[in-house]
Every structure is written in C-alpha cells, then in structure tokens.
Amino acid sequence: MSLGSSTLHALDTKLKVAAAKGFIGIEMYWDDLLQYSLLFRNKMTSYNTYGATENSFAIFEAADDIANLAARLRLKIISLQPFRNFDGLTNPDLREKRLEEFRLWLAIARRLGSDIIGVPSTLPTVDAADYTGNRHTAAADLAKLSRLAEAQGIRVAYENLCFAAYVKDWHQAWERIQLARQPENLLFLPDTFNLCGQTYMDPEETCGKRPNATIELRRSLQRLVDTVPMHRMPLLQVADAELPDSPLTHDHSWRKEAGLVPLMALSRNARLFPFEEKGYLPISSVVQSLVNAGWEGWVSMEVFSRTTAVEGEETIWEHATRAWRSWERLAGSMGWQVRPLIEITNNSFPA
C-alpha cells in the first residue's frame, strides 16, 4: 500500500519493485489484493467454499498467484490487513456479514502464507448507530476473531488508530486485548504515527504539536514498555508525518472535502517515510524505547500519502526508493544490518 494506489498501481508490479529494491517482506493490503482479483473474475476455479461467488473465486485465484510470485521473489508476506470496523459493532446483521468476511480473510491469509491479520480500531467515519465504545463489547469482538483465527493457525494483531472513533491510544487497545483473555493469539500492533497521535501531535496547531508534547510522549512510551510484553508485538509499523504548510482547521481542503477529523486527514494525506524532509515526529525516540525494552521483529514502512495517487509505474519506483533510503537511515541509526540474513520460507500453508 505504501508504494502506490490500489486502483492505479498493479499489485504484482509493486512486489517486483519491492524485491528489486531489497525488501524481504511485505504487508498485504486487502484493497490491493481485491483490485488484483479483477483479473481473475472470468476464470473458472475449483474452490467451492467461503461463499461460492465469482468474487470469492477470483480472490482465491489472486491470492494463489500473488503467493507464487512472492515465493519466486523471495518475499515473505508478513500480514494481511486491515480488517476494518469490527470492534464495537452492534448491528447484528452487519456483524454476521463481517464474521463471514473474516472467515474469507482467514482462508486468504493461509493461501498467502501469512499468520497475522491486522485489525485496526473502528474509524470515526462509521454509522455511530451501529457501534459502541463499550470496552467489554470490543474485547468480546476481539476474542471472537482470535478464536476463529486460532483454529486456522493465524494470529490477530489489534492496533489503536489515534483518530479512531473510540480506541485512540495504545493503553485503550491493550485494555481490550487483556479483557479478551486470548494471550497467545491476540497481539498488539504498534505504529509510530499512532503512538504519537494522542500525546505529541495536534495538526490544528501551527507547530503540529500538543503542549508539552515531548514530555507527554516520553511518559506514554515508558508506560507502554512497562505494561505491554514486547513479545506481544510481532511487528512495528514506522511512519513519520509531514508538518502541513497550514494548520488542519475545518476549512483545510484535506478535511473539508472528505469530512475527516484532523489526525485522520493528516494520516491519509501526509505520512512520510522516516527521516524525510518535513517530517517532524521523534521516530528514533519511539523505536529506541521499544528496542531498549527488548522488542525485536519485523519493521514495516506504512505510509498513506497523497503522493501515492499519482498515475504511472514511476510512482511505485519513487516510493520504493524513498522507503529503502529511509530504511537504510533507520537501520544505520539503530545499528542494525541493512540486509538482515534470514531464511525466507515458502509462503504456502500445508494444503
């Protein structure tokens, strides 16, 4: 998703470019896979489960094709994400439909060889009548997804979105994870942008920061590493943020046209790769805090940006180049190997 638009840039090209640049893993964005599946709509298949429709046949075919390509490119598909807007869902008809959808996701994750499905907290753009912010309801929802996933050998990674409807900060996400009582199969997914969101960032201010931003972020990170076991974080999504030329007040085009809250407007339009010009988040401090506490795992460059909406294959190459340059700087600052020596295994689960 960080290399281009799902509708403008082909998924197989993104994988080829990522591998050419040196990346050894990807997170699979569902929208990319769904768009890629359009190539298989008229192809006969042998699948007859998970809702026997032309669309589900096509998504299976697409997943198989991408899994084979990833294996040839020696790319590990780390996760499938994001399974949006499920925690706190109270509409019974919609809930049952989404559970059927999640079962399809599980089957697709197995085809891709991924054992993690990312579940972000519910967005503020949903119909409020269908959702609740009750923590016990959200915990029960996460427990349900985790039990379904566990039966398939897959884990659920829950992520707070700093602009969410209800679960905006890491401690709210962790509280619901604990209440769900699924310690082995329900994980926490940290994201530098979202970890900074509620303590450091205020895009409605000219400086982009909250009062006492540095101190409050430092306190939040200390509570995080004191509270959440590092082994419950399978990967770390890393993104900086661009300081807008003007504050994101109500009349700013990023907000006015889409009706977005400030942090969501910033996230959708102006994430940056680490250490890029105009970035203003203390990325190194966030990463260092987790590493000092013993975290290790996959580092994922997750960038939503208006720049990915430019047509043409050169957009993919441009973003892959930017991502790799940022990875080199991050690895250098942390003392990590730029090209880790790990064995990339076959992406397929046993049939």
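The protein is annotated in an unreviewed UniProt entry as Xylose isomerase-like TIM barrel domain-containing protein of Conoideocrella luteorostrata.

Quick notes on the environment of Leu69
By the secondary structure assignment, Leu69 is in helix α3 (residues 54-73). Taking the C-alpha atoms as reference points, Leu69 and Asp12, separated by 57 residues in sequence, lie 7.6 Å from one another. With residues near it in sequence (within four places) discarded, Leu69 still touches Asp12, Leu15 and Lys16.

Section: the side chain of Ser326
Along the chain, Ser326 falls in helix α12 (residues 313-334). Residue contacts for Ser326: discarding those within four places in its chain leaves Phe273, Pro274, Phe275, Glu276 and Met301.

Topic: the layout of surface pockets
In this model, the largest pocket occupies a volume close to 810 Å³. Lining the largest pocket are 36 residues, and of these Phe23, Gly25, Trp298, Val299 and Ser300 sit closest to its centre. Elements with a contribution of two residues or more to the lining of the largest pocket: α1 (11-21), β1 (25-29), β2 (76-81), β9 (298-301) and α12. With 5 residues, the top contributor of residues to the lining of the largest pocket is β1. Split into classes, the residues belonging to the lining of the largest pocket amount to 24 nonpolar, 7 polar and 5 charged. The space that makes up the second largest pocket amounts to roughly 440 Å³. Forming the walls of the second largest pocket are 25 residues, and the residues nearest its centre are Met1, Tyr29, Arg84, Arg268 and Phe304. Of the residues belonging to the lining of the second largest pocket, the class tally is 10 nonpolar, 8 polar and 7 charged.

So, the pattern of salt bridges
Within this structure, the stated rule accounts for 16 salt bridges. Between Asp32 and Lys14 there is a salt bridge, and its shortest N-O distance comes to 2.8 Å. Of this pair, Asp32 sits in helix α2 (residues 30-36) while Lys14 sits in helix α1; the two residues are 18 residues apart in sequence, bridging distant segments of the chain. Each of the two residues, Asp32 as well as Lys14, counts as buried. Note that Asp115 and Arg155 form a salt bridge whose closest N and O atoms lie 3.3 Å from each other. Here the residue Asp115 occupies a position in the loop between α4 (92-112) and β3 (116-120), and Arg155 occupies one in strand β4 (residues 155-159), the gap between them amounting to 40 residues. Residues joined by salt bridges that share partners form a network here, namely Arg135, Glu175 and Arg176.

Some details on the pairing of β3
Within a regular strand, side chains alternate between the sheet's two faces. Extensive coverage of β3 is indicated by the burial of 5 of its 5 residues. Side chains Ile116, Gly118 and Pro120 project from β3 onto one buried face, and the interleaved Ile117 and Val119 project onto a second face that is buried too. Sheet analysis places β3 next to β4, joined by 5 bridges and oriented parallel. Residue pairing across strands places Ile116 opposite Arg155, the latter belonging to β4. With helix α5 (residues 135-150) bridging β3 and the parallel β4, this β-α-β connection has right-handed handedness.

Points about the nonpolar core
Leu33, Ile66, Ile108, Ile117, Phe188 and Met201 are the most contacted members of the largest nonpolar core, which has 103 residues in total. Counting residues per element, this core draws most heavily on α4, at 9 residues. Ignoring sequence-local partners within four residues, the contact set of Ile117 consists of Leu80, Phe83, Phe102, Trp105, Leu106, Ala109, Ile154, Arg155, Val156 and Ala157. Core analysis: the next-biggest nonpolar cluster, separate from the first, contains 5 residues, Ile116, Ala157, Leu189 and Leu235 among them.

Some points on empty space enclosed by the protein
Applying the stated rule across the entire model yields 1 cavity of 30 Å³ or more. If you add up the space inside the largest cavity, you get close to 30 Å³. Around the largest cavity, the lining residues are Asp87, Gly88, Thr132, Gly133, Asn134, Ala138, Tyr166, Val167 and Arg176.

Remarks on the packing of α1 against α12
Relative orientation of the contacting elements α1 and α12 amounts to 35 degrees, with a least axis distance of 10 Å. The chirality of how α1 crosses α12 is right-handed. On the side of α1, the interface is formed by Thr13, Lys14, Val17, Ala20 and Lys21, while α12 contributes Glu313, Ile316, Trp317, Ala320, Thr321 and Trp324. Its residues assigned to classes, the contact of α1 with α12 shows 6 nonpolar, 2 polar and 3 charged.

What about the packing of helix α8 (residues 213-227) against helix α11 (residues 283-292)?
Two elements in contact, α8 and α11, have axes whose closest approach is 10 Å; the angle formed by their N-to-C orientations is 25 degrees. Regarding the angle of α8 to α11, the classification is roughly parallel. The two elements α8 and α11 meet at a crossing, and its hand is right-handed. For the pair formed by α8 and α11, the contact residues are Leu217, Leu221, Leu224 and Val225 on the first element and Ser285, Val286, Ser289 and Leu290 on the second. Its residues assigned to classes, the contact of α8 with α11 comprises 6 nonpolar, 2 polar and no charged.

What to know about the pairing of strand β6 (residues 235-238)
Here β6 shows two buried faces, one formed by Leu235 and Gln237 and the other by Leu236 and Val238. Bridge analysis of β6 against β9 gives 4 bridges, and the strand direction is parallel. Residue pairing in the sheet places Leu236 in a bridge with Val299 of β9.

Rules and cut-offs
- Residues numbered from 1 in each chain as written.
- Predicted model: local features only at pLDDT ≥ 70, side-chain atom pairs only at ≥ 80, totals over all residues.
- Heavy atoms only, no water.
- Helix = DSSP H or I, 4+ residues; strand = E, 2+ residues; numbered from the N terminus.
- Contact = heavy atoms within 4.5 Å.
- 1 Å grid on protein atoms, 1.4 Å probe; cavity = no way out; pocket = protein on both sides within 12 Å on 5 of 7 lines; lining within 4 Å.
- Points joined across faces, edges and corners; volume = space filled by probe spheres on them.
- Nonpolar A, V, L, I, M, F, W, Y, C, P; charged D, E, K, R; others polar.
- Salt bridge = Lys/Arg side-chain N within 4 Å of Asp/Glu carboxyl O.
- Buried < 20%, exposed > 50% of the residue type's maximum accessible area, 1.4 Å probe, protein only.
- Pairing = 2+ DSSP bridges.
- Right-handed = clockwise from strand over helix to strand, strands pointing away.
- Core = buried A, V, L, I, M, F, W, Y, C linked by side-chain atoms within 4.5 Å.
- Axes fitted to C-alpha atoms, helices over the stretch in contact; angles between N-to-C directions.
- Left-handed = near helix turned anticlockwise from the far one by under 90°.
- Parallel < 35°, antiparallel > 145°, perpendicular 65-115°, else oblique.

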